[in-house]
Amino acid sequence: MVSRTIPVDPFDLVIFGGTGDLARRKILPSLYRRHVGGQMPAEARIIGAARGEMSDDDFRAFTREAIEEFVPATKRDAKTLEEFLETLRYVRVDAVGQDGWTDLRAVVRPDVIRAFYFSVAPSLFGALAERLHEHGIADADSRIVVEKPFGKDLKTARELNAVLAEHFTEQQIYRIDHYLGKETVQNLMAVRFANILFEPLWKTEYIDHVQITVAETVGVNGRGAYYDKSGAMRDMVQNHLMQLLCLIAMEPPYHFDPDAVRDEKLKVIRALEPVAPEDIVRGQYRAGGGRPGYLEDAENPESRTESYIALKVGIANWRWKGTPFYLRTGKRLKARTSEIAITFRQPPHSIFDHPEGWRENVLVIRLQPNEGMNMMVMIKEPGPGGMRLAQVPLDMSFAEALGEGGADIPDAYERLIMDVIRGNQTLFMRGDEVEAAWAWADPIIQGWEARGDRPHSYEPGTSGPEDALMLLHRDGRRWRDIRE
Ligand code: NAD
């Protein structure tokens with residue numbers, strides 16, 4: 001399959017926080033890959049803007065190192081790297097002061113698309129929006145990109161939205177959730193809405209339950225004190241897992257159009273039921289394998305913040321009432337994996353004498369590693385011995401199915417940054433969606449805070465706390481194994 005690459009229109013992309021960790025690990029390497037992929041027009045320019053003193057050449061050296069570290073050697077070469085580095089500029093600016101803003105104004109070109117990536121702490125968003133406006137650097141067609149965390153509750157999310165709305169319209173604001181940029185996530189929409197096969201079954205009559213798992217093997221070491229103010233619910237569930245749930249549960253939009261898609265996602269969030277305390281299990285990893293436990297990593301022996309959470313979530317609408325969505329995410333688990341598993345109900349009647357081997361049909365959508373889909377179906381166990389049943393996967397790995405083109409699936413950041421330049425907001429969260437997700441999450445968090453609940457401790461390298469198993473056992477179900 002030949003991949004089609006259409007260069008985007010000429011642009012200036014200013015990365016505020018261009019010398020930070022996110023720029024180094026994700027933004028700059030992703031831009032380089034798009035350059036190699038032929039998607040960057042010759043006139044594109046990338047302008048690093050941060051507080052430190054640096055020349056253009058210093059910023060180029062910083063970017064070269066970032067690319068050498070984060071882009072595999074097989075995916076880069078000296079010629080494209082030099083070309084790419086030529087597109088870079090650096091301007092020293094102070095978000096909260098006046099330094100550097102006239103310099104930035106002089107560098108940014110008025111006749112190209114202008115995008116501003118706010119890769120800085122959210123407390124600086126307001127000041128950046130204000131300065132861009134005050135110095136006439138942004139116009140009505142400019143875009144701003146903001147990173148998570150988008151608030152820590154409904155109140156702070158509303159405040160952030162209000163601050164940005166003072167100078168930018170909703171059509172100009174791109175709230176990144178990189179999960180939405182993953183190939184499989186978009187494929188989920190294609191599979192659901194471009195095939196007749198699944199849609200008739202996509203409802204509580206045929207779907208028993210849904211499991212969404214985002215498991216990490218790493219702990220919070222290095223950023224423990226920061227993480228301790230947030231926890232798995234705020235850091236993962238309110239945004240990433242919620243977005244995945246929406247894409248599974250949403251009604252077909254009337255068109256693949258940013259607002260049509262986001263309207264349908266919003267309806268799902270608004271239909272989420274409150275979660276009862278017995279349907280929540282929180283955990284903290286213990287020390288083990290020569291590594292410290294969560295409390296030590298967080299530098300807070302009294303911490304009640306969760307590094308793991310499992311929840312049973314209900315959706316109160318005609319399509320989903322009666323089909324639980326079990327969500328779980330955690331750190332220091334046995335494998336690094338993200339997947340959605342949709343388990344179908346039993347056939348109404350078995351015609352076979354030996355139904356022992358029978359298992360439910362499960363559609364598994366893997367986000368990482370090895371993005372792809374897997375449909376578990378029943379067949380006759382091969383060979384003699386009568387009609388015995390066996391479950392086999394109908395496997396579709398995108399990298400394999402799409403051949404060479406598939407192996408070059410762009411990383412989520414690559415796609416999302418190009419979408420910003422193209423002006424396509426479909427894969428970005430709208431302000432009302434973010435607020436609705438917090439409106440659902442807030443009472444859950446407030447509930448455990450008011451009750452003084454302590455997270456259960458769990459052994460590192462496992463599937464999480466034992467109690468999380470009970471969340472499904474109680475309902476006569478089982479979690480899928482966490483494995484790569
Ligand atoms: P960082 O601390 O590594 O970098 C911060 C950058 O902001 C630096 O370039 C610094 O010079 C600049 N800066 C700080 N104060 C400034 C000021 N007054 N004026 C101008 N520039 C200033 O941070 P990071 O890890 O790159 O994170 C950036 C944002 O992205 C944060 O909001 C973070 O929550 C979010 N984020 C980061 C990651 C990640 O993997 N690092 C992942 C998701 C979201």
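Residues numbered from 1 in each chain as written. Predicted model: local features only at pLDDT ≥ 70, side-chain atom pairs only at ≥ 80, totals over all residues. Heavy atoms only, no water.

J.: Go over the site of the ligand, please, and point to the residues and values.
T.: The environment of the ligand is made up of 20 residues, and the closest members are Thr19, Asp21, Arg25, Ala95 and Val120. Note that an oxygen atom of the ligand is positioned 3.4 Å from one of the backbone N or O atoms of Arg51. Between the ligand and Ala95 there is a distance of 2.8 Å, counted from a nitrogen atom to a backbone nitrogen or oxygen. Isolated, the ligand exposes 840 Å² of accessible area, and the fraction of that covered by the protein chains is 74%. (Near = heavy atom within 4 Å. Polar contact = N/O pair within 3.5 Å; in protein donor to acceptor, adjacent residues only side chain to side chain. Areas by Shrake-Rupley, 256 points an atom, 1.4 Å probe, with all protein chains shown as cover.)

J.: For helix α5 (residues 125-134), give the residues involved together with the corresponding values.
T.: An α-helical turn contains 3.6 residues, so a residue and the one three or four places further along point in the same direction. Those residues of α5 that fall on the buried side of the exposure criterion are Phe125, Ala127, Leu128, Ala129, Arg131 and Leu132. Tucked inside the fold, the buried residues of α5 contact β1 (11-16), α4 (101-107), β4 (113-118), β5 (143-146) and α6 (154-165). Positive phi appears at Gly136, one or two residues downstream of α5, with a value of about 65 degrees. (Buried < 20%, exposed > 50% of the residue type's maximum accessible area, 1.4 Å probe, protein only. Helix = DSSP H or I, 4+ residues; strand = E, 2+ residues; numbered from the N terminus. Contact = heavy atoms within 4.5 Å.)

J.: Mind laying out the sheet that holds strand β7 (residues 207-215), listing which residues take part and the relevant values?
T.: The strand order across the open sheet built from nine strands is β14-β13-β12-β11-β7-β10-β9-β8-β15, with neighbouring strands paired in mixed fashion. Looking along the sheet, the strands with just one partner apiece sit at the ends: β14 (389-397) and β15 (456-458). The average angle at which neighbouring strand axes cross in this sheet is 20 degrees, direction not considered. Where β7 lies against strand β10 (residues 325-330), six bridges are found, and the strand directions are parallel. Bridging across to β10, Val214 finds its partner in Thr329. Of the strands in this sheet, β11 (337-344), β12 (362-368) and β13 (372-380) touch helix α7 (residues 183-194), which is tilted by about 150 degrees from β12. (Pairing = 2+ DSSP bridges. Axes fitted to C-alpha atoms, helices over the stretch in contact; angles between N-to-C directions.)

J.: Explain the packing of aromatic side chains residue by residue, including any values.
T.: One pass over the structure, following the stated rule, counts 15 aromatic pairs. Seen from their ring centres, Phe59 and Tyr90 are 5.6 Å apart, and the 45 degrees between their planes marks the pair as tilted. Placement of Phe59 in helix α2 (residues 56-70) and of Tyr90 in strand β3 (residues 88-92) is noted, with a sequence separation of 31 residues between them. Residues Phe59 and Tyr90 agree in their burial class; the two are buried. Measuring from centroid to centroid gives 6.4 Å for Tyr285 and Tyr458, while their planes differ by 70 degrees, and the two rings are edge-to-face. Within this pair, whereas Tyr285 is found in strand β8 (residues 280-285), its partner Tyr458 is found in strand β15, the two being separated by 173 residues in sequence. Comparing Tyr285 with Tyr458 shows no difference in burial state: the two are buried. Of note, Lys182 hangs over the ring of Tyr179, and the distance from its end group to the ring centre comes to 5.4 Å. The aromatic ring of Tyr285 is capped on one face by Arg332, whose charged end is 5.0 Å from the ring centroid. (Phe/Tyr/Trp six-rings, centres within 6.5 Å; stacked < 30°, edge-to-face > 60°. Lys NZ or Arg CZ within 6 Å of the ring centre and 35° of its normal.)

J.: Just give me the short version of unusual backbone geometry, but keep the residues and values in it.
T.: Peptide bonds are mostly trans, and most non-glycine residues show a negative phi. In the segment running from Lys148 into Pro149, the intervening peptide bond is cis, with an omega of 0 degrees. Even without a glycine there, the phi angle at Glu299 is positive, about 55 degrees. Within the secondary structure, Glu299 is located in the loop between α11 (294-297) and β9 (308-313). Positive phi outside glycine occurs at Arg332, with the angle close to 55 degrees. A residue is classified by how much of its surface remains accessible, and Arg332, at 4% relative accessible area, is buried.

J.: Now, about the packing of α6 against helix α15 (residues 431-451): what can you tell me, with residues and values included?
T.: It is at 8 Å that the axes of α6 and α15 come closest, and there the two elements cross at 165 degrees. In this view, α6 runs roughly antiparallel relative to α15, as classed from their interaxial angle. Of the two elements, α6 crosses α15, and the hand of that crossing is left-handed. On α15, the residues that touch Leu154, Ala157, Arg158 and Asn161 of α6 are Gly431, Val434, Glu435, Trp438, Ala439 and Asp442. (Parallel < 35°, antiparallel > 145°, perpendicular 65-115°, else oblique. Left-handed = near helix turned anticlockwise from the far one by under 90°.)

J.: Go over the packing of α5 against α6, please, and point to the residues and values.
T.: Two elements in contact, α5 and α6, have axes separated by 9 Å at closest approach and are oriented at 10 degrees. Taken together, the axis directions place α5 and α6 in an arrangement best described as roughly parallel. Facing Phe125, Gly126 and Ala129 of α5, the residues of α6 in contact are Leu160, Val163 and Leu164. A class-by-class count of the residues in the contact of α5 with α6 yields five nonpolar, one polar and no charged. (Nonpolar A, V, L, I, M, F, W, Y, C, P; charged D, E, K, R; others polar.)

J.: I'd love a proper account of a nonpolar patch on the surface, names of residues and values included.
T.: On the surface, a cluster of nonpolar side chains totalling about 290 Å² of accessible area is made up of Ile351, Phe352 and Met387. For Phe352, a relative accessible area of 31% translates into the label partly exposed. (Patch = residues over 30% accessible without salt bridge, like charges linked within 9 Å, V, L, I, M, F, W, Y side chains within 5 Å. Salt bridge = Lys/Arg side-chain N within 4 Å of Asp/Glu carboxyl O.)

J.: I'd like to hear about the environment of Asp453, residue by residue, with values.
T.: Tracing the backbone shows Asp453 in the loop between α15 and β15. Taking relative accessible area as the criterion, Asp453 reaches 28% and is therefore assigned partly exposed. Apart from the residues lying within four places of it in its own chain, the contact partners of Asp453 are Arg282, Arg304 and Trp448. Polar contacts involving the side chain of Asp453 include one to the side chain of Arg451, which spans 3.0 Å.

J.: Which residues make up the domain arrangement of the protein, and what are the values?
T.: According to the domain assignment, the protein consists of domain 1 (11-147) and domain 2 (180-409 + 430-473). Inter-centroid distance (C-alpha atoms) of domain 1 to domain 2 is 34 Å. (Domains from an automatic or database assignment.)

J.: Account for helix α10 (residues 258-270), with residues named and values stated.
T.: Its 13 residues place the ends of α10 18 Å apart at the C-alpha level, agreeing with the 18 Å of an ideal helix rising 1.5 Å per residue. Among the residues of α10, those classed as buried are Ala260, Val261, Arg262, Glu264, Lys265, Leu266, Val268 and Ile269. Tucked into the core, α10 has its buried residues touching α7, α9 (232-249) and α15. With a side-chain oxygen lying 3.1 Å from the backbone nitrogen of Asp259, the N-terminal cap of α10 falls on Asp257. (Expected span 1.5 Å × (residues − 1).)

J.: Help me get a handle on the sheet that holds β3, residues and values and all.
T.: An order of β3-β2-β1-β4-β5-β6 is seen for the six strands of this open sheet, with the pairing classed as parallel. Single-partner strands in this sheet number two, and they are β3 and β6 (173-175). On average, each strand axis in the sheet is tilted by 20 degrees relative to the strand beside it, whichever way the strands run. Pairing between β4 and β5: four bridges, direction parallel. Paired with Phe118 across the two strands is Val146, which belongs to β5.

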